[in-house]
Amino acid sequence: MISEVLPFNELKKVDPVFGQLSFDNHEQIVFCNDKDTGLKAIIGIHNTVLGPALGGTRMWQYNNEWEALNDVLRLSRGMTFKSAITGLNLGGGKAVIIGDAKTQKTPELMKKFAEFVHSLSGKYITAEDVGMETSDMDLVREITPYVTGISEEKGGAGNPSPITAYGVFMGMKAAAKYKFGTDHLEGRKVLVQGIGHVGESLVEHLRNEGAEVLIADINENRLAEVSKKYGATVFSGDDLYSADVDVYAPCALGATINDGTIEKLNAKIVAGAANNQLADEKKHGELLKKRGIVYAPDFLINAGGIINVYAELEGYGKAEIVRKTENIYNTTLEIFEHSDAKNCTTHESALSIAQGRIDARKLEQEK
Ligand code: NAD
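Residues numbered from 1 in each chain as written. Predicted model: local features only at pLDDT ≥ 70, side-chain atom pairs only at ≥ 80, totals over all residues. Heavy atoms only, no water.

As recorded in an unreviewed UniProt entry, the protein chain goes by Leucine dehydrogenase and comes from Leptobacterium flavescens. UniProt, in its Sequence similarities (unreviewed entry) section for the protein chain, records the words "Belongs to the Glu/Leu/Phe/Val dehydrogenases family." (UniProt positions renumbered as here; feature names shortened; annotations may be inferred.)

What follows is the structure, encoded as structure tokens:
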């Protein structure tokens, strides 16, 4: 009996799932366990009002199950707003597999995970995330149709990173238009932090437009390679947050806008690909606004990837993917205007417009 392990009062205090800080009225949370393959996964379905919950599967060595649960809760919520603000008929979901993708990911484990996805009958549709490759999604596809991000040979839309970078570029141009009166980035100084799949492609767009690009990464080889290929300058100062630049583009980790960095920022615009850039959405969003730094909401401008996988479900081609991604420019400008009119942060503005779309659809459904 549970009460022999922990007294009822203690259990009440803990509220292990619905009481989590990151719990935000998620519709369904599925814990998946398989002894034979060692699979331990959690699927988070945040909201399905606009459509099936779509979001990638992340395989990560979490320190404990609380971390994994919090990650899936936070990430699946983010997907709801990302799809809603982008105008896609998708809900928000995400999955995490607990373990080391390099040593513990086997075809059997992936197929067992696919069975769990299949058991949800399309309410959740999976895709790639950290620790996953297109080939893993091809394996999942052998078991269930509820997967996107499969290889182009198997009818998928392929690598989403270049299109994500293009959307970030569009969002950055909209921010420049709002802040400087012109969206042309020629001569503007942009610092790209993280020159991986998305960052490198963003550097290419920026250099093609004549921007002065500074790059930072923990991978020295990448720095040398990307600097040579596009004529970007490797950032060499002590502290990149205080760099004298027009735009700071976080394209590596989340939460880089935090108590330790925000006061140092000299950039006039923050626009990048990383998810969850604001360590504290409310507090750091307000501080950026107070300091006159224009923040292009991450979940809005990095939506190119989801637009790319949505194409697999809707059956549209590259031209429509590009059109939808270019529209990030217009939506970003609308968000800036809305945040001025309502005197709220751009993050709050994007969230409230996304929530408005969900609420309107819910009303229609209830009629
Ligand atoms: P990636 O793993 O290819 O690249 C990340 C890069 O950041 C690597 O080069 C890595 O060395 C570097 N890095 C890691 N820690 C760093 C640090 N402390 N300082 C500087 N550089 C550091 O990842 P990606 O696919 O390019 O994605 C980048 C970000 O964009 C991630 O936060 C991801 O969640 C987000 N994102 C990606 C996509 C997509 O389509 N790939 C879509 C939406 C959001």
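Caption draft 1: Local environment of the sheet that holds strand E8 (residues 212-216). With parallel pairing, the six strands of this open sheet are ordered in space as E9-E8-E7-E10-E11-E12. The open sheet has two edge strands, strand E9 (233-234) and strand E12 (294-295), and neither has a second partner. In the sheet, strand E7 (residues 189-193) pairs with E8 via five bridges, with the strands oriented parallel. Residue pairing in the sheet places Leu191 in a bridge with Leu214 of E8. (Pairing = 2+ DSSP bridges. Helix = DSSP H or I, 4+ residues; strand = E, 2+ residues; numbered from the N terminus.)

Caption draft 2: Region of interest: the packing of aromatic side chains. A full pass over the atoms with the stated rule returns four aromatic pairs. An angle of 65° between the planes, with centres 5.2 Å apart, marks the rings of Phe18 and Phe23 as edge-to-face. Over the ring of Tyr316 we find Lys324; its NZ or CZ atom is 4.9 Å from the centre of that ring. (Phe/Tyr/Trp six-rings, centres within 6.5 Å; stacked < 30°, edge-to-face > 60°. Lys NZ or Arg CZ within 6 Å of the ring centre and 35° of its normal.)

Caption draft 3: Quick look at helix H13 (residues 346-366). Look at H13: 30 Å from first C-alpha to last across 21 residues, which is about the 30 Å you get at 1.5 Å a residue. Where H13 is concerned, the buried positions are Thr346, His347, Ser349, Ala350, Leu351, Ala354 and Ile358. Those residues of H13 that are buried are in contact with strand E2 (39-47), helix H3 (65-86), helix H9 (281-290), E12, helix H10 (298-301) and helix H12 (318-342). (Expected span 1.5 Å × (residues − 1). Buried < 20%, exposed > 50% of the residue type's maximum accessible area, 1.4 Å probe, protein only. Contact = heavy atoms within 4.5 Å.)

Caption draft 4: Structural view of the UniProt feature "binding site: NAD(+)" (unreviewed entry) in the protein chain. The feature "binding site: NAD(+)" (unreviewed entry), as annotated in UniProt, sits at Gly194, Ile195, Gly196, His197, Val198 and Gly199 in this numbering. Looking at the secondary structure, you find Gly196 in the loop between E7 and helix H7 (197-208). Note on Gly196: relative accessible area 32%, which makes it partly exposed. Dropping the residues within four chain positions of it, Gly196 is found in contact with Asp217 and Arg222. As for its placement among the helices and strands, His197 is situated in helix H7.

Caption draft 5: Looking closely at the side chain of Glu209. Of note, Glu209 is situated in the loop between H7 and E8. Only 2.9 Å separates the side chain of Glu209 from the backbone nitrogen of Leu185, close enough to count as a polar contact. When neighbours within four sequence positions are excluded, Glu209 is seen to be in contact with Phe169, Lys173, Asp183, His184, Leu185 and Glu186. (Polar contact = N/O pair within 3.5 Å; in protein donor to acceptor, adjacent residues only side chain to side chain.)

Caption draft 6: A look at the layout of surface pockets. Of the voids in this model, the second largest pocket is the one considered here, and its volume is about 490 Å³. Looking at the second largest pocket, it is lined by 24 residues, and the ones nearest its centre are Arg74, Arg77, Asn276, Glu281 and His347. Of all the elements in the fold, those that place two or more residues in the lining of the second largest pocket are H3, H10 and H13. With seven residues, the top contributor of residues to the lining of the second largest pocket is H3. Of the residues in the lining of the second largest pocket, the class split is 11 nonpolar, six polar and seven charged. Taken domain by domain, the lining of the second largest pocket gets at least three of its residues from each of domain 1 (2-77 + 91-154) and domain 2 (161-303 + 330-354). (1 Å grid on protein atoms, 1.4 Å probe; cavity = no way out; pocket = protein on both sides within 12 Å on 5 of 7 lines; lining within 4 Å. Points joined across faces, edges and corners; volume = space filled by probe spheres on them. Nonpolar A, V, L, I, M, F, W, Y, C, P; charged D, E, K, R; others polar. Domains from an automatic or database assignment.)

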